[in-house]
There are 2 protein chains.
Amino acid sequence: MKIAILGAGGLGKAAAHILAQKQSHSLVAIADAGGFAFNSNGLDAEEIGNVKIGGSVSQLKDGHFSNDSIGEIIKLKDELDGVFIALPNLPNDFIPSIVERFVAGGFQGALVDALKRTRAMEMIFDLDPLLKQNGCTFLSGCGATPGLLTAAAALAAQSFVEVESVHIWWGVGIERWDDYKATIREDIAHLPGFDVDSAKALSDDEVEVLLSKTDGKLTLHDMEHADDVMLERAGVCERDQVTVGGVMDTRSAQKPVSTTMTLRGRTFDGKTSEHKFILGDETSMAANVCGTALGYLSRAHWLRERGIYGVFGSAEMMPLWEK
Amino acid sequence: MKIAILGAGGLGKAAAHILAQKQSHSLVAIADAGGFAFNSNGLDAEEIGNVKIGGSVSQLKDGHFSNDSIGEIIKLKDELDGVFIALPNLPNDFIPSIVERFVAGGFQGALVDALKRTRAMEMIFDLDPLLKQNGCTFLSGCGATPGLLTAAAALAAQSFVEVESVHIWWGVGIERWDDYKATIREDIAHLPGFDVDSAKALSDDEVEVLLSKTDGKLTLHDMEHADDVMLERAGVCERDQVTVGGVMDTRSAQKPVSTTMTLRGRTFDGKTSEHKFILGDETSMAANVCGTALGYLSRAHWLRERGIYGVFGSAEMMPLWEK
């Protein structure tokens, strides 16, 4: 499967490294704000990993400078089976607008995102008829949460006739916040007093100051996270039964809390109980997000090859795991 | 979705109760060794639940005595969208032979089983071409283990580039062993010194004597469980990396240990870690097996409606959850 990655931040780089370790997939294109790189025989993941913060994949040996790198990737449509959109989604309609561009440009293939916000994902679901008409298969919310943990919730729901609540409490530890500049800003946008616009507008210094007030930790409650709309769409429960929060430590790779999905429900025989899915503390955000996203990209391709087009949430499908 | 259940033991009865609590599904037929019951407007789950051990669904108000109740259900093929095979699988080729009968009888629909043994499931996988040709969609291994926990393993694998091991350790507590006569014999068959034939041949008194030696508990290690072949088929790992065992308490509804799936793997960035999926202690075997099986039956129906036929393992698909 020939893959393009949109975005070359922490997630894009991690996805490139994962693809380099899989025989079944080949990374042929990558794009960032400064340009893109393309090689039909595969790009060099190590070289991508070495691009410094503030640099661009346009500097790679297969790189090209461009003011419209997304447009350049769309032109490569016949060279691509699937696209992982690993871009920060600020503002909310940014990724939906990119998907529309791919369709308008004649791309027919598999796509996944690692979107987080409910409103953004609803925009993606609205594209279902467009993608169906144009022979594309899009799986949305394919990161860790939403993604891996949402799918685990949909799986856990099977034991119950009534789902009472789904609670996702994540822990992420990163050594340096500026490896994940966009992700951190997306998290700040969930803090009281911020929204996506004000978080995006923060300078790096302002982010530093904000983080230093809480010893580098961000604790988030009742986040606007698309796990809710995905589980509602999958029929598991109403969106207001889903709560998402967590703790991000931006000064240590150690997770401050273990990422846990807890689904509480009532069984057919009247018992109330909880199933839990707990991620190993040593697994990084990058491993949990990008591994899952690439597994879903394989599934999107699988569905597409069988004539199943349109938009699905990751809670509705099983990712594929291929070596 | 109009459903038939083959088998009216503990699992068949539980499945009937679950279906009675779902608006999306209707149980129209059920069969056991003594006969069958059919009503195109739906059977009465409570009446099914009240059938005593040693009794038969042929005694229900919609019941009919039959020496070939499976054959009678096959004749109802045009009334059925899906079949849950909740029969004990002794000997190994019993359920595969029933599937062949359904196909030979012209049934075209969705089927699931809650098979456990590796060799039995391999026989089911061998039926893939037959089912493909005849427009049937079969999901195999759709109980708790294999099933819910195997799917959780395939999901957990996404975070890793190499899966080192999958370990399933289950706990089941039932108040009276003779509510699950067939299941207990299938478990005894995993004990050293037993096989499926010798376990099946045990009288009820012999089972009592055997259970009383260990205070009603059966502890099983390295069971021949199809989780291995299913995860191998799903590409997650080799079959010998999968181990299954557990503790069955036949004298208490309390679980002796918490059922846990632990997947150990290596991430793209070189970390070794473990994801865990833990079932709530209050959830019964019946809830975890039958809820999952019916979720997979909905998925099999979904796939079939989209022209995807053949045999799949539950680790390859996501069950659907419908009210």
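Rules and cut-offs
- Residues numbered from 1 in each chain as written.
- Chains lettered and ligands numbered in written order.
- Predicted model: local features only at pLDDT ≥ 70, side-chain atom pairs only at ≥ 80, totals over all residues.
- Heavy atoms only, no water.
- Least-squares fit on C-alpha atoms with pLDDT ≥ 70 in both.
- Contact = heavy atoms within 4.5 Å.
- Pairing = 2+ DSSP bridges.
- Helix = DSSP H or I, 4+ residues; strand = E, 2+ residues; numbered from the N terminus.
- Axes fitted to C-alpha atoms, helices over the stretch in contact; angles between N-to-C directions.
- Buried < 20%, exposed > 50% of the residue type's maximum accessible area, 1.4 Å probe, protein only.
- Right-handed = clockwise from strand over helix to strand, strands pointing away.
- Parallel < 35°, antiparallel > 145°, perpendicular 65-115°, else oblique.
- Nonpolar A, V, L, I, M, F, W, Y, C, P; charged D, E, K, R; others polar.
- Buried area = accessible area lost by both parts, 1.4 Å probe.
- Salt bridge = Lys/Arg side-chain N within 4 Å of Asp/Glu carboxyl O.

Colleague: If you had to explain the relation of the copies chain A and chain B to someone new, which residues and values would you point to?
Modeller: When chain A is fitted onto chain B, the two copies agree to an RMSD of 0.0 Å after a turn of 180° and an axial shift of 0.0 Å. On the angle and the small slide along the axis, the relation comes out as a two-fold axis. Among all residues of chain A, the one whose C-alpha sits closest to the rotation axis is Phe277 of chain A, at a distance of 2.2 Å. Comparing contact sets, 100% of the residues at the interface of chain A also lie at the interface in chain B, consistent with an isologous, same-surface contact.

Colleague: I'd like a description of the sheet that holds strand 10 (residues 242–249) of chain A, backed by residues and values.
Modeller: The strand order across the open sheet built from ten strands is 9(A)-10(A)-8(A)-11(A)-12(A)-12(B)-11(B)-8(B)-10(B)-9(B), with neighbouring strands paired in mixed fashion. The outermost strands of the open sheet, each flanked by one partner alone, are strand 9 (217–220) of chain A together with strand 9 (217–220) of chain B. Strand-to-strand twist in this sheet, taken as the mean axis angle between neighbours without regard to direction, amounts to 10°. Across four bridges, strand 9 of chain B lies against strand 10 (residues 242–249) of chain B in antiparallel orientation. Considered in strand 10 of chain B, the bridge of Leu218 of chain B is made with Met248 of chain B.

Colleague: Any chance you could break down the pairing of strand 2 (residues 26–32) of chain B for me, citing the residues and the numbers?
Modeller: Residues and elements named next belong to chain B. Along strand 2, six of the seven residues are buried, which leaves the element largely enclosed by surrounding structure. Inspection of the sheet shows strand 1 (residues 2–6) paired to strand 2 by five bridges, in the parallel sense. Across the sheet, Ile5 pairs through a bridge with Ile30, a residue of strand 2. Handedness of the β-α-β unit built from strand 1, helix 1 (residues 10–20) and strand 2 comes out right-handed. Here four bridges tie strand 2 to strand 3 (residues 35–38), and the two strands are oriented antiparallel to one another.

Colleague: Can you explain the packing of helix 7 (residues 148–156) of chain A against helix 7 (residues 148–156) of chain B? Please cite residues and give values.
Modeller: It is the contact of helix 7 of chain A with helix 7 of chain B, at a shortest axis distance of 10 Å, that shows an interaxial angle of 175°. It follows that helix 7 of chain A is roughly antiparallel to helix 7 of chain B by the angle criterion. Counted together, Leu148, Ala151, Ala152 and Leu155 of chain A of helix 7 of chain A and Leu148, Ala151, Ala152 and Leu155 of chain B of helix 7 of chain B form the full contact between these two elements. Split by residue class, the contact of helix 7 of chain A with helix 7 of chain B holds eight nonpolar, no polar and no charged.

Colleague: Describe the sheet that holds strand 13 (residues 310–313) of chain A, listing the residues and the values that go with them.
Modeller: Residues and elements named next belong to chain A. Spatial strand order, 4-3-2-1-5-6-7-13: eight strands in an open sheet with mixed pairing. For this open sheet the edge positions go to strand 4 (63–65) and strand 13, each flanked by a neighbour on one side alone. Averaged over neighbouring strand pairs, the angle between their axes works out to 20° when direction is ignored. Summarising the sheet, strand 5 (residues 82–85) and strand 6 (residues 110–113) pair through four bridges and their orientation is parallel. If you follow Ile85 over to strand 6, its bridge partner there is Asp113.

Colleague: Lay out the pairing of strand 5 (residues 82–85) of chain B in plain terms, naming residues and giving numbers.
Modeller: All names here are of chain B. The two faces of strand 5 match: Gly82 and Phe84 on one face and Val83 and Ile85 on the other face are all buried. Pairing of strand 1 with strand 5 involves four bridges; the strand directions are parallel. Each residue of the ladder has a partner; that of Ile5, found in strand 5, is Phe84.

Colleague: An account of the interface of chain A and chain B is needed here, citing residue identities and associated values.
Modeller: Interfaces are often sized by the amount of accessible area the parts lose when they come together. Counting from both sides, the interface comprises 58 residues of chain A and, opposite them, 58 residues of chain B. For the pair chain A and chain B, the two sides together bury roughly 4,600 Å², of which 63% comes from carbon and sulfur. For the pair chain A and chain B, the number of links is zero salt bridges. Elements represented by at least two residues in the side of chain A that touches chain B include exactly helix 1 (10–20), helix 7, strand 8 (162–173), strand 12 (272–278) and helix 12 (285–305) of chain A. At nine residues, the largest contribution of residues to the side of chain A that touches chain B is made by helix 12 of chain A. The class makeup of the residues in the side of chain A that touches chain B is 30 nonpolar, 16 polar and twelve charged. Where strand 12 of chain A meets strand 12 (residues 272–278) of chain B, three bridges bridge the pair, whose relative direction is antiparallel. Across the sheet, residue Ile278 of chain A finds its bridge partner in strand 12 of chain B, namely Lys276 of chain B.

Colleague: Describe helix 7 of chain A, with residues and values.
Modeller: Counting buried residues in helix 7 of chain A gives nine out of nine residues, a clear majority hidden from the surface. Along helix 7 of chain A, the positions that sit buried rather than exposed are Leu148, Leu149, Thr150, Ala151, Ala152, Ala153, Ala154, Leu155 and Ala156 of chain A.

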